[in-house]
Amino acid sequence: QVQLVESGGGLVQAGGSLRLSCAASGRTFSSDAMGWFRQAPGKEREFVAAISWSGVYTPYADSVKGRFTISRDNARNTMYLQMTSLKPEDTAVYYCAATSRGGAILTRTYEYDYWGQGTQVTVSS
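Please read these numbers as outputs of a predicted model, since none were measured by experiment.

Novice: If you had to explain the pattern of salt bridges to someone new, which residues and values would you point to?
Specialist: Per the stated rule, a full pass over the model turns up eight salt bridges. For D32, the salt bridge identified is with R27, shortest N-O distance 2.3 Å. Put simply, R38, E46, R67 and D90 are held in one network by salt bridges that share partners.

See the structure below:
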């Protein structure tokens, strides 16, 4: 059974940092691209960041560029999202996702085959 499990969410003050993790099991994701998305109440799920299987290609949403860093450890089947300088508008449920499709741009939800259950990130002002 393929599973993606997010962890590391929580409550943090504006300006603080959090590190999210996404642990994959059930298959090897080392050749898959992976990504982070988020969904705030009443809003659509939006792209945050993604990373190719090699780690070379790492697109970011403009709203998080320069503040968030995506990385992965293929030996551990784990992906990370280091979030710094957090803002109240970063409050959302954060989801990790994986795709084995070649040629994907990685910024669109429909490109992904596997999804985690999400972890809540709340940034207080």
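Novice: Got a sec to walk through the packing of aromatic side chains? Specific residues and values, please.
Specialist: Taken as a whole and assessed by the stated rule, the structure comprises five aromatic pairs. Centre to centre, the rings of F37 and F47 are 5.7 Å apart; their planes meet at 70 degrees, and the pair counts as edge-to-face. Taken together, the positions of F37 in strand β4 (residues 33–39) and F47 in strand β5 (residues 46–51) put the pair ten residues apart, joining distant regions of the chain. The pair formed by F37 and F47 is uniform in burial state, with each residue classed as buried. Here the aromatic cluster, defined as three or more aromatic residues joined through ring pairs, consists of F37, F47, Y112 and W115. Geometry around Y95 places R45 over its ring, the cationic atom sitting 3.7 Å from the centre.

Novice: Residues and numbers for unusual backbone geometry, please.
Specialist: Positive phi is not limited to glycine here, since N77 has a value of about 55 degrees. Among the structural elements, N77 can be located in the loop between β6 (68–73) and β7 (78–83). Of note, the phi angle at S85 is positive, near 50 degrees, even though the residue is not glycine. On the secondary structure map, S85 appears in the loop between β7 and β8 (92–99). Accessibility expressed as a relative area gives 41% for S85, which makes it partly exposed.

Novice: I'd love a proper account of the nonpolar core, names of residues and values included.
Specialist: Core analysis: the biggest nonpolar cluster contains 34 residues, and W36, L81, M83 and Y94 have the highest contact counts within it. Listing elements by their share of this core, those giving two or more residues are β3 (18–25), β4, β5, β6, β7, β8 and β10 (119–124).

Rules of the game
- Residues numbered from 1 in each chain as written.
- Predicted model: local features only at pLDDT ≥ 70, side-chain atom pairs only at ≥ 80, totals over all residues.
- Heavy atoms only, no water.
- Salt bridge = Lys/Arg side-chain N within 4 Å of Asp/Glu carboxyl O.
- Phe/Tyr/Trp six-rings, centres within 6.5 Å; stacked < 30°, edge-to-face > 60°.
- Helix = DSSP H or I, 4+ residues; strand = E, 2+ residues; numbered from the N terminus.
- Buried < 20%, exposed > 50% of the residue type's maximum accessible area, 1.4 Å probe, protein only.
- Lys NZ or Arg CZ within 6 Å of the ring centre and 35° of its normal.
- Core = buried A, V, L, I, M, F, W, Y, C linked by side-chain atoms within 4.5 Å.

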